[in-house]
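Geometric and topological summary
Listed below are the residues making up each chain.
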Amino acid sequence: MNQALFVEMGLYFVYNIICVLNHETGIYSFIEVKMEKVEYKARAKINLSLDVLRKREDGYHDLKMVMQTLRLHDLVNIEKTDSGIKVECNCAYVPEGEGNIAYKAARLIMAEYGVKTSVCIKIKKMIPVAAGLAGGSSDAAAVLKGINRLYGLGASLDDLAKLGKKIGADVPYCIYGGTMLSEGIGDVLTKLPSFGDVDIVLVKPKIGVSTAFVYNNLKLEKIMHRPDTDLIIEAI
C-alpha cells in the first residue's frame, strides 16, 4: 500500500492506493481507499476599498467594497475521527470549541448533508487575529470545502457560499477568493479583473479590534469623506 499526495489549487489531500496484480492475466488494478484527511490553505483578504453605505433594519450594514485575496494563509487540516467535532489551534487567542467559526462551519455542512461521522480540525494560524483579514472566515470556508471533498458531498462553490452566509458575511467571498466587488452585507459578489502579482506591504499593529466592535461603534453621520470605489474598479 503506497501513500500518495496530490496538490490542487492550494488543497492537499492524502489517500491510499492499493495496487493489485491478477496473476492469471498479468494485469494490475488500482483500488482507491476512501480519503481520510485533507489540508487547505485558508487565504487572508484585504479591502482595496471599503465604504459603509447605511445601517439596515436587521442590524447589519450595507457595504460597497473591493476585496482581494492574499498569499498569506492559515493551514487547515481536517481528518475523519470518531470523537465528535473537535477544533485545535496553535493560537491561544482562538477558541477551540463551539465558539470557533470553523466548528460552526463543520457542524452546519455535516447537518445539511447528513454526515454522521466526526472530524478533527487542526488550524495553524499565520493570519493575524482581529486584523480585518478574514482569518476566521477563511478558515470556515476551508472547512466547508474540505468536508465537501473529504466526504464526496458534491456541493458546488455556490452551494458552499450559501451555507457560508449563515455563519459569516465574509465566508461566501472566502469560498471564491480572487478580486471581487462585494455589496450588500458582503455576500453580493461580482468578479473583477485579477489584481494578482502585486506586491503588498501589510502592517499589523500590536492591537486587535473585532469587526463587530467596529460596526457597533460606527457613527455614519460623522463620515465626511468616502472612498471612490468605482474609480478603484476602473483602475484595476
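Here goes a summary of the coordinates provided. (Residues numbered from 1 in each chain as written. Predicted model: local features only at pLDDT ≥ 70, side-chain atom pairs only at ≥ 80, totals over all residues. Heavy atoms only, no water.)

Counting 43 residues, the largest nonpolar core has V76, I78, V119, I121, V143 and I147 as the members making the most contacts within it. Of all the secondary-structure elements, those providing two or more residues to this core are β4 (37-55), β5 (61-81), β6 (85-89), α1 (101-112), β7 (118-124), α2 (135-150), α3 (157-165) and α4 (171-176). A total of eight residues in this core trace back to one element, the largest contributor, which is α1. The residues touching I78, leaving out its near neighbours within four places in the chain, are E36, K37, V38, V119, C120, I121, A142, V143, G146, I147 and L150. Formed by five residues, the second largest nonpolar core is a distinct cluster that contains A44, L70, I127 and L133. (Core = buried A, V, L, I, M, F, W, Y, C linked by side-chain atoms within 4.5 Å. Buried < 20%, exposed > 50% of the residue type's maximum accessible area, 1.4 Å probe, protein only. Helix = DSSP H or I, 4+ residues; strand = E, 2+ residues; numbered from the N terminus. Contact = heavy atoms within 4.5 Å.)

Within β7, five of the seven residues are buried, which leaves it mostly tucked inside the rest of the structure. Relative to β7, β5 is paired through seven bridges, and the arrangement is antiparallel. Its bridge partner being in β7, N77 is matched across the sheet by K122. Relative to β7, β6 runs parallel, the two being bridged by five bridges. Following the sheet pairing, E88 is matched in β7 by K122. (Pairing = 2+ DSSP bridges.)

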